[in-house]
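Results of the structural survey
Each chain, written out:
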Amino acid sequence: MKRTYIVEALKGNGIDREILVKGWVRTRRDSKGGFSFIELNDGSCFNNLQIIVDAELDNYQNEVIKLFPGSSIAVTGILVKSQGGGQSVEVKANKVKVYGFCNPDEYTVGKQRVSFERLREIAHIRVRTNTFGAVTRVRNKLAKATHDFFQERGFYYINTPIITASDCEGAGEMFRVTTLDHSAIPKIEDNVDYSQDFFGKESFLTVSGQLSVECFACGLSNAYTFGPTFRAENSNTSRHLSEFWMIEPEMAFADLSDDADLAEEYLKYLITTVLEECLEDMEFFNKRIDKTILQTLTHVNESEFVRLSYTEAIDILSKSGQKFEYETNWGNDLQTEHERFLTEKEFKKPIIVTDYPRDIKAFYMKQNDDDKTVAAMDVLVPKIGEIIGGSQREDDLHKLDSRIKEQGMDLAPYWWYRDLRKFGSVPHAGFGLGFERLVQFVTGMDNIRDVIPFPRTPKSAEF
Ligand code: 4AD
Ligand code: MG
């Protein structure tokens, strides 16, 4: 018999017929009347399916009453309308086959609530909890919606390299990739001789796929990459990972305002999809994780994002009368406390801050005519702060070269990137959305370590 997934059974597909379901026991309760009630979950949806097992079944004494949370079983039985409250259908078991028992003394996620901190230490098992099942389904939906959104708009999906020789953000926070023997590093005078390394030169894990995706946009008009990125910054915050996923679209013949339009449309598309297609999971988040999440997302969807310049933002912050830890002088980068003040208190909706000071932004951003700012944008949302960073790109070769040199970087590794400005240069723009920050924003989860399957952070790379 073909397996029925619980999501289908709960919709009543197969009602009054025999079906086969498989999954993991969430709870078992034995009644005096000679029955056991098993709550079964197979991951196909948030809810469990109730199984009623008659004590008359052959293996009742030997097996069924030894089924504790975490055990894996297959049940053949009739799907019927439920007698009791709390569920619409249930299965009257004709047969229970046990795949694997689960020792309740050792199984951590069986009974009481376990803290998220503790669950991180057992990340291989935490997916069996309500919260992580829901996070996983929402994350999956956001990935699918991302592809749908860009595919519907004619963007090509590009797999940009993970190993790279160039530093996209120019911040030098890269993990080195090497096969050199650490105990016998080859040197020329005092410098490491990277010509003997695997790639014949210094190489790293990428911090962004942007430079590569720009090549494809400057030839195919619209492209996007969605891949892992790596940053060796020592930030132990609830919004930073050392390995995270980023979605980076790039458009040719586009400026900063087109970029902001795309970002706003994309975020709203993602929220709409999740509200329509993950309602059960979202209701769980609203009940258990953040009681305002549904309201916030609906509000964001109905709002027009505020667009203002960095200079205007600094002005608002300086005049706000609010005490901040970091000063709000023109020229300083916005800190999370500033970002959250603007989006949560001042405007109470997402905002897009544009035209940041040149000196605090990466070399590739287009210089504005004022000689002080660049055509950058950050999208800020409540509770998270920066969720998207993007810009129009510098398309003038001379200006690009002078920025690379000003930042103390070598021109040489960027020869191919500079070529784009030599051969039919076009205005172009794009952005990067941090996928885990997005999942945090949509689910209301507090810590970024709890929205990625196996988090990598300073001093932590288990699993
Ligand atoms: O602002 P960032 O550094 O921009 C770029 O990397 C550009 N190359 C993107 C582009 O224009 N194509 O990073 C983009 C986003 C941030 O807004 C944030 O959401 C996320 O990536 N991000 C992180 N997420 C988790 N952990 C970290 N350490 C992150 N650093 C950035
Ligand atoms: Mg940024």
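The protein chain goes by Asparagine--tRNA ligase in an unreviewed UniProt entry, where it is assigned to Candidatus Scalindua japonica. We quote the UniProt Catalytic activity (unreviewed entry) comment for the protein chain here in full: "tRNA(Asn) + L-asparagine + ATP = L-asparaginyl-tRNA(Asn) + AMP + diphosphate + H(+)".

This part covers the packing of aromatic side chains. For the structure on display, the rule yields 22 aromatic pairs. Pairing Phe 46 with Phe 284 gives two aromatic rings, centres 4.9 Å apart and planes at 40°, and the pair type is tilted. With a gap of 238 residues between them, Phe 46 in the loop between strand E2 (35-41) and strand E3 (49-54) and Phe 284 in helix H6 (residues 279-288) connect regions that are remote in the sequence. Of the two residues, Phe 46 and Phe 284, neither departs from the other in class, the shared state being buried. Through a chain of ring-to-ring contacts, the aromatic side chains of Phe 149, Phe 150, Phe 155, Tyr 157, Tyr 224, Tyr 266, Tyr 269 and Phe 431 assemble into a single cluster. Note that Arg 28 overlies the ring of Phe 68, its terminal NZ or CZ placed 5.5 Å from the centroid. Across the ring face of Tyr 417, the terminal group of Arg 421 is positioned such that the distance to the ring centre comes to 4.0 Å.

What follows deals with the domain arrangement of the protein chain. Domain assignment breaks the protein chain into domain 1 (6-106) and domain 2 (127-160 + 217-450). Between the C-alpha centres of domain 1 and domain 2 there is a distance of 45 Å. At the interface, eight residues of domain 1 touch eight residues of domain 2. For the domain 1 and domain 2 pair, buried surface summed over both sides reaches about 670 Å², with 42% attributable to carbon and sulfur atoms. The interface formed by domain 1 and domain 2 contains zero salt bridges. At the junction of domain 1 with domain 2, the criterion picks out five residue pairs in polar contact (both at pLDDT 80 or more). Taken together, the residues of the side of domain 1 that touches domain 2 sort by class into three nonpolar, four polar and one charged.

With that out of the way, let us pick up helix H5 (residues 256-277). Because each turn of an α-helix spans 3.6 residues, side chains separated by three or four positions in sequence point in the same direction. A rise of 1.5 Å per residue sets the reference length of H5, with its 22 residues, at 32 Å; its end C-alpha atoms lie 32 Å apart and thus fit the reference within 8%. At the N-terminal end of H5, a side-chain oxygen is found 3.1 Å from the backbone nitrogen of Ser 257, two or three residues along, and the residue is Asp 255.

Mapped onto this structure's residue numbering, the UniProt feature "domain: Aminoacyl-transfer RNA synthetases class-II family profile" (unreviewed entry) falls at residues 137-453. Regarding residues 137-453, the helix share stands at 36% and the strand share at 20%, and the terminal C-alpha atoms are separated by 12 Å.

On to the packing of helix H8 (residues 310-319) against helix H9 (residues 336-346). Each pair of packed helices can be summarised by the angle the axes make with each other and by the distance between the axes. Where H8 meets H9, the closest approach of the two axes is 11 Å, and the angle between their N-to-C directions is 80°. Comparing the axis directions of H8 and H9 gives the class roughly perpendicular. Every residue of H9 that contacts H8 at Ala 313, Ile 316 and Leu 317 is listed here: His 338, Phe 341, Leu 342 and Glu 346.

The next thing to look at is the side chain of Arg 437. Residue position: Arg 437 is located in helix H12 (residues 435-443). Glu 386 is the oppositely charged side chain nearest to the buried, salt-bridge-free Arg 437, at an N-O distance of 4.8 Å. In terms of polar contacts, Arg 437 uses its side chain to reach the backbone carbonyl oxygen of Arg 239, at 2.9 Å. Within the local environment of Arg 437, its side chain forms a polar contact with the backbone oxygen of Glu 386, the two atoms lying 2.9 Å apart. In this structure Arg 437 touches Arg 239, His 240, Ile 384, Glu 386, Ile 387 and Ile 448, once residues within four positions along its chain are discounted.

Rules used in this analysis
- Residues numbered from 1 in each chain as written.
- Chains lettered and ligands numbered in written order.
- Predicted model: local features only at pLDDT ≥ 70, side-chain atom pairs only at ≥ 80, totals over all residues.
- Heavy atoms only, no water.
- UniProt positions renumbered as here; feature names shortened; annotations may be inferred.
- Phe/Tyr/Trp six-rings, centres within 6.5 Å; stacked < 30°, edge-to-face > 60°.
- Helix = DSSP H or I, 4+ residues; strand = E, 2+ residues; numbered from the N terminus.
- Buried < 20%, exposed > 50% of the residue type's maximum accessible area, 1.4 Å probe, protein only.
- Lys NZ or Arg CZ within 6 Å of the ring centre and 35° of its normal.
- Domains from an automatic or database assignment.
- Contact = heavy atoms within 4.5 Å.
- Buried area = accessible area lost by both parts, 1.4 Å probe.
- Salt bridge = Lys/Arg side-chain N within 4 Å of Asp/Glu carboxyl O.
- Polar contact = N/O pair within 3.5 Å; in protein donor to acceptor, adjacent residues only side chain to side chain.
- Nonpolar A, V, L, I, M, F, W, Y, C, P; charged D, E, K, R; others polar.
- Expected span 1.5 Å × (residues − 1).
- Axes fitted to C-alpha atoms, helices over the stretch in contact; angles between N-to-C directions.
- Parallel < 35°, antiparallel > 145°, perpendicular 65-115°, else oblique.
- Lys, Arg positive; Asp, Glu negative; His and termini not counted.

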